[in-house]
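# Structural characterization, general
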Protein chains: 2
Amino acid sequence: MPRSSVSSTGHNRISAAQRIGQALLEEISAGELRPGQRLEEIGLAHRFGVSRTPVREALSRLTAQGILVQGERRGVFVAQYTREELSLIFEAMHEIEAACARVVAQRLGLLSRTEIEAAQAECVKAAEAGDRTAYLRANEAFHMAIYRATGNPYLREIASEFRQRTGPFRAKKFDGPESLLLSARSHQALINDIFSEDSAAASKSMRDHMTTSFIQALKAN
Amino acid sequence: MPRSSVSSTGHNRISAAQRIGQALLEEISAGELRPGQRLEEIGLAHRFGVSRTPVREALSRLTAQGILVQGERRGVFVAQYTREELSLIFEAMHEIEAACARVVAQRLGLLSRTEIEAAQAECVKAAEAGDRTAYLRANEAFHMAIYRATGNPYLREIASEFRQRTGPFRAKKFDGPESLLLSARSHQALINDIFSEDSAAASKSMRDHMTTSFIQALKAN
DNA sequence: TGAATTGATTTTGTATACAAACGGGGGATC
DNA sequence: GATCCCCCGTTTGTATACAAAATCAATTCA
């Protein structure tokens, strides 16, 4: 959990455990660490110039989040899911996202509205430019904006965790430029339902949006 | 001395960290450890006859689950929520439960059906007997049966965690005997919607069920 | 030749120690 | 009498060491 804030001079206030966890997360997201790959405590300890203790803490945290899995006496690995499992994880994620959309539709503030619209504008821009990397980032921001708009940090937390967890499997889901435009249009439909404060429609819209993107993710993995 | 003390011959594989975490969970659920109460590493270490290391691991796991919170350099405490926060936690929980009901309605197997019916039978029995403790247990089993019936371990995991997390605040929610009957009747309505495989109705039914019980919980806390 | 035993290595869990950072209390200063 | 500062205890994070259990390999025995 977040310890404290910033660094002053030489030494960071963030613990080594956090730093390592963050670094590993990034490497996993970036695909440098592939699903199924082994992570050994001692090796990581040497690599980061620390002892096993903070490494263990980082690993156990990521394991609790489902990013890593513990093999039976054979070390810790980057989580690797079968198609079946992946499908179930995405199902859970879709339900959470739909719940978020539902709540947002019920409790929509002006600020959230602006934030969501801004994020969507970014998405459209990136989609029209055909910039895949930019779209990935903008899409992330769009969904995060919705999580925040729920006004419910607990819901937001779960949704974020799922997003993180599925990151490695969603990264390659946007094949061509038309897929970006499709996604952006799907966002717009969702926004319309949310802004009209129809919670049932918003929930369904989100589920539809997620489903289409999921199908592409499955094809890619 | 490491982990020798427990196993005489066979394999007792649970670690001290797990044992301590479990023990703490039970004490919290039982209300022996009240929200806001401090847990000090060294004290627990002595109490369980171990060193700080496994205690730390147990505490950090429970902290990650939101059961405990880390005070600012003043130790770890049993999570204590304001009415506001409690309200949001329950909202999140309700959405998860609703999602489960929705999924179950879409994918209902015979086995799950039987299990849910059996759990509900127990609930009715306890409610009619006016046995509050038995009803609490039966109610737990009923909801767990629904989680399992989703066929989605990831959804189940989240739902279970929320149930655990809110345990201390739900324990006293059933005031009188008529409240038990009310809850059991609410279950029945939910079951009807699930069994008719109407996912939207099931989801709404669950939300209604949870809302009524939540209101009672809020009154109690 | 195949199976079982055993020894070594790895992995995991725990103990203990140490260092840094924060908070509070007591004393000094005005 | 109030305020400020310094010191000290507590808490937290990390390092290192050790012990048990499990895996792997090799060797031995049937």
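Here the structure is a predicted model, which means the values were calculated and not measured. (Residues numbered from 1 in each chain as written. Chains lettered and ligands numbered in written order. Predicted model: local features only at pLDDT ≥ 70, side-chain atom pairs only at ≥ 80, totals over all residues. Heavy atoms only, no water.)

Attention now moves to the overall build of chain A. Of the regular secondary structure elements, chain A holds nine helices and three strands. If you list the helices and strands of chain A from N to C, you get α-β-α-α-β-β-α-α-α-α-α-α. Out of the 221 residues belonging to chain A, those deemed buried represent 47%. Residue pairs in contact within chain A that sit at least 24 positions apart in sequence constitute 69% of those at least 6 positions apart. (Helix = DSSP H or I, 4+ residues; strand = E, 2+ residues; numbered from the N terminus. Buried < 20%, exposed > 50% of the residue type's maximum accessible area, 1.4 Å probe, protein only. Contact = heavy atoms within 4.5 Å.)

All names here are of chain A. The strand order across the open sheet built from three strands is E1-E3-E2, with neighbouring strands paired in antiparallel fashion. Edge strands, defined here as strands with exactly one partner in the open sheet, are strand E1 (38-39) and strand E2 (68-70). Pairing between E1 and strand E3 (residues 76-78): two bridges, direction antiparallel. If you follow Arg38 over to E3, its bridge partner there is Phe77. Docked against the sheet, helix H3 (residues 52-64) engages E1, E2 and E3, running at close to 100° with respect to E2. (Pairing = 2+ DSSP bridges. Axes fitted to C-alpha atoms, helices over the stretch in contact; angles between N-to-C directions.)

This part is about the environment of Leu24(B). Mapped onto the elements, Leu24(B) comes out in helix H1 (residues 16-29). Those residues within four positions of Leu24(B) in sequence are excluded, and the remaining contacts are Leu33(B), Leu44(B), Leu59(B) and Leu62(B).

When glycine is set aside, most residues are seen to have a negative phi, and most peptide bonds are trans. Residue Glu197(A) is not a glycine yet carries a positive backbone phi of 60°. Within the fold, Glu197(A) resides in the loop between helix H8 (177-195) and helix H9 (199-220).

Let us now look at the relation of the copies chain A and chain B. For the match of chain A to chain B, the screw axis carries a shift of 0.0 Å, the RMSD comes to 0.1 Å, and the turn is 180°. The symmetry that links the two subunits is that of a two-fold axis. Of the residues that chain A buries at the interface, 93% are likewise interface residues in chain B, meaning the two copies contact each other through the same surface. (Least-squares fit on C-alpha atoms with pLDDT ≥ 70 in both.)

To continue, consider the packing of helix H1 (residues 16-29) of chain A against helix H2 (residues 41-48) of chain A. Two quantities define a packed helix pair, namely the angle between the helix axes and the distance between the axes. Residue and element names in this part refer to chain A. Closest axis-to-axis distance for the H1/H2 pair is 12 Å, and the angle between their directions is 105°. With respect to each other, H1 and H2 are oriented roughly perpendicular. For the pair formed by H1 and H2, the contact residues are Arg19, Ile20, Ala23, Leu24 and Glu27 on the first element and Leu44, Arg47 and Phe48 on the second. Partitioned by chemical class, the residues of the contact of H1 with H2 number five nonpolar, no polar and three charged. (Parallel < 35°, antiparallel > 145°, perpendicular 65-115°, else oblique. Nonpolar A, V, L, I, M, F, W, Y, C, P; charged D, E, K, R; others polar.)

All names here are of chain B. Taking 1.5 Å of rise per residue, the 20 residues of helix H5 (residues 110-129) would be expected to cover 28 Å, and the 29 Å separating its terminal C-alpha atoms lies within 8% of that figure. For H5, the full list of buried residues reads Ser112, Ile116, Ala119, Gln120, Cys123, Ala126 and Ala127. For H5, the angular spread of buried residues about the axis comes to 120°, placing them on one side. In H5, the exposed positions angled more than 90 degrees off the buried face are occupied by Leu110, Leu111, Lys125, Glu128 and Ala129. Looking one or two residues beyond H5, the residue adopting positive phi is Gly130, at roughly 70°. (Expected span 1.5 Å × (residues − 1). Arc of directions from axis to C-beta.)

Each partner contributes to the interface: chain A provides 28 residues, whereas chain B provides 29 residues. On inspection of chain A and its partner chain B, the count reaches six salt bridges. The residue Arg56(B) makes a salt bridge to Glu57(A) at a minimum N-O spacing of 4.0 Å. On inspection of chain A and its partner chain B, the count reaches eight residue pairs in polar contact (both at pLDDT 80 or more). Mapped onto the side of chain A that touches chain B, the elements with two or more residues apiece are H3, helix H4 (83-106) and helix H7 (153-170) of chain A. With ten residues, H4(A) is the largest single contributor of residues to the side of chain A that touches chain B. Split by residue class, the side of chain A that touches chain B holds 13 nonpolar, three polar and twelve charged. (Salt bridge = Lys/Arg side-chain N within 4 Å of Asp/Glu carboxyl O. Polar contact = N/O pair within 3.5 Å; in protein donor to acceptor, adjacent residues only side chain to side chain.)

Applying the stated criterion to the full structure yields 25 salt bridges over all chains. Put simply, Glu140(A) and Arg163(A) hold a salt bridge, and the shortest N to O gap is 3.9 Å. Here Glu140(A), found in helix H6 (residues 132-149), pairs with Arg163(A), found in helix H7; they are 23 residues apart in sequence, far enough to count as distant. Its relative accessible area of 30% is what places Glu140(A) among the partly exposed residues. Classification of Arg163(A) as buried rests on a relative accessible area of 2%. As a salt-bridge pair, Glu41(B) and Arg56(B) come within 3.2 Å of each other at their nearest N and O atoms. Taken as a pair, Glu41(B) in helix H2 (residues 41-48) and Arg56(B) in helix H3 (residues 52-64) lie far apart in primary sequence, 15 residues in all. Among the charged side chains, a network of salt bridges with common partners joins Glu41(A), Arg52(A), Arg56(A), Glu57(B) and Arg61(B).

Attention now goes to the sheet that holds strand E1 (residues 38-39) of chain B. Residues and elements named next belong to chain B. Spatial ordering of the open sheet is given by E1-E3-E2, a layout of three strands whose pairing is antiparallel. Strand pairing shows two members of the sheet lacking a second neighbour, E1 and strand E2 (68-70), which therefore form its edges. Most of the contacts of H3 go to E2, to which it runs at about 100°, and overall it touches E1, E2 and strand E3 (76-78).

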